[in-house]
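Architecture and fold: a report
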Amino acid sequence: MKKVLLQKTLFSLLLLLSFTIGFGQNIPLSKYSRISLITCGLGNETYSYFGHTAIRVADPINNLDVVYNYGAFDFRTPNFVAKFTKGDLQYFVVAHSFADFLNDYTYEKRSVFEQELLLSPELKQKLFDRLNAVLLSNERYYTYKFIDKNCTSMVVDVINSALGGNVIVKKKDTDKTYRSVLFPYFKGHFYDQLGTSIIFGTKVDQLATRIFLPFELKNSLDETTFQGHLLAGKTKTLLSFEKETPTSWWNNIYTYLFILGFVVVVHNKIVDKIYLLVLSLMGIFFVSVGFYSFHQELAMNYNVLLFSPFLLLLIFFSIANNKRWTYRFAVLHLIFLIVYSLFMINKAHLLIVLPMIITNGFVLVRVVIRNVKRIPIII
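Cut-offs applied
Residues numbered from 1 in each chain as written. Predicted model: local features only at pLDDT ≥ 70, side-chain atom pairs only at ≥ 80, totals over all residues. Heavy atoms only, no water. Axes fitted to C-alpha atoms, helices over the stretch in contact; angles between N-to-C directions. Helix = DSSP H or I, 4+ residues; strand = E, 2+ residues; numbered from the N terminus. Parallel < 35°, antiparallel > 145°, perpendicular 65-115°, else oblique. Left-handed = near helix turned anticlockwise from the far one by under 90°. Contact = heavy atoms within 4.5 Å. Nonpolar A, V, L, I, M, F, W, Y, C, P; charged D, E, K, R; others polar. Core = buried A, V, L, I, M, F, W, Y, C linked by side-chain atoms within 4.5 Å. Buried < 20%, exposed > 50% of the residue type's maximum accessible area, 1.4 Å probe, protein only. Pairing = 2+ DSSP bridges.

1. Considering the packing of helix 12 (residues 323-343) against helix 13 (residues 350-371)
Contact geometry of helix 12 with helix 13 gives a least axis separation of 9 Å together with a crossing angle of 155°. Of the possible angle classes, the one that applies to helix 12 and helix 13 is roughly antiparallel. For the pair helix 12 and helix 13, the sense of crossing is left-handed. In this structure, helix 12 uses Lys323, Thr326, Tyr327, Ala330, Val331, His333, Leu334, Leu337, Tyr340 and Ser341 to contact helix 13, whose residues at the interface are Val353, Ile357, Asn360, Gly361, Leu364, Val365, Val367, Val368, Arg370 and Asn371. In the contact of helix 12 with helix 13, the residues fall into 12 nonpolar, six polar and two charged.

Spelled out as C-alpha cells, the structure:
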C-alpha cells in the first residue's frame, strides 16, 4: 500500500482538470493505447509486506501514461491509528504519472511487473472512462478492509465491472485458508507474523476463495480467459530486485523461545505472575478490539482462550493469598488450554503458538501445585 505524497495528489488534480476542462469529456483513446495490470514486489514496511496492485493506461498518441492507484491513504488523517484499528479509515484512488510511479519503486528496490489486458478498443475505453469517473466522484473513497476491500480487490472489481461479469476469479490455493496464504509474506518479520496469528479470529481461517493479494491477482490473470482468449499478455518485468530479508537481533524466533524458556526454567512466582499479567492484558486488548473494530478479521478471536482476561483474577487471588480461588482459576485455565490445544490442531498458526501453549501449561501447573489443598497424613 502506497502512502500519499503531495506531488501525487497534485498530479491527480491536474489530470482531472485536463479531463474536465481541456476536453470537456474523457479522452478518446487511440488504437495504440494499452491498459495493463501492474504488480509491485514486496517491501519491508508494514504497508508493503504483501506488494501492491495498480492499473496503467498508456496512449502515445494522447501523450498519456498514467497509473491508477487504489491503495492511497493519508497519515495526516486525524486519529489515524484509531480509525485504522476501528476499520473506518478512508482509502482513496489517486493517479500518478507512470515515470514517477516507477521511480518510487526503483528507490524502494521493489520489483514491478506488467500484464497488458488484451481488450477491444471499446472495452479499453469503457475501463478508462470508468477509472476517470471514479476519480471525479465520491466513489474515489472507500473504507479499507483487509480481505474484502483493498488495493487488489478494488482493481479486480473495477476490471470485472468493465468486462460485464465475474471474469477474474482466483485460480490457485482456494483450498488454503487466508491465514495459510498470509504466513509466507512475513519472512524476516517474526513478531508481525506472531501478532497477526494471535489477533486474527475465525474469518482468516475460512478458505481463501477471494483474490485479496497482488500476486494472487497476477497469477490468476495468467490463467484467465475472456471471449475465447487469454485476458492478459505475457508478463513483462519492468523492474527486478531481489527482496532483501531484514535481519534483527530481537525480531526472530530465538528471542521468542528464549523468553518463554526463561519463564519455564526460572521457576519463580514473580516471573510467573508477570507472564500471566502480560497474557491477560493482551487478552483484554483482543476482546476490546474485537468489539470495537469493524474489521471482521478481528472478531470471534478464539485465541483469548490462551490469552484469557480472567488471568487477572487468578493473579488477584494469588496476591491476596486466597489459595482456594487461585487453585480454581488455575484449573479453569488449564481446561481452557486443553480446549484451545484441541481446537488448534488443524490451524495454520499452531506451530508458532505451540511454545506459548507449553509455557502456559508449565506455569499453570506450577500455580495448581502451589495452591492445591494439602491432605493431612495422620500417623
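2. A few points about the nonpolar core
Ranked by internal contacts, the top residues of the largest apolar core, which has 90 residues, are Tyr70, Leu127, Ile159, Leu231 and Met356. When near neighbours in sequence (up to four residues on either side) are disregarded, Met356 contacts Leu194, Tyr256, Leu260, Tyr275, Leu279, Leu306 and Phe307. One finds Ile38, Cys40, Ala54 and Val67 within the second-largest nonpolar core, a separate group that totals 10 residues.

3. Topic: the sheet that holds strand 1 (residues 34-40)
The strands that make up a sheet are held in pairs by hydrogen bonds between backbone atoms, and each pair lies either parallel or antiparallel. The strand order across the open sheet built from seven strands is 6-4-3-2-1-5-9, with neighbouring strands paired in antiparallel fashion. At either end of the open sheet lies a strand with only one pairing partner, and these are strand 6 (141-143) and strand 9 (236-239). Sheet twist, expressed as the mean angle between neighbouring strand axes with direction ignored, is 30°. Pairing of strand 5 (residues 112-116) with strand 9 involves three bridges; the strand directions are antiparallel. Bridge assignment links Val112 to a residue of strand 9, and that residue is Leu239. Relative to strand 2 (residues 52-59), helix 5 (residues 151-163) is tilted by about 45°, and along the sheet it contacts strand 1, strand 2, strand 3 (64-72) and strand 6. Across the sheet, helix 8 (residues 214-221) is in contact with strand 1, strand 2 and strand 5; its angle to strand 1 comes to roughly 135°.

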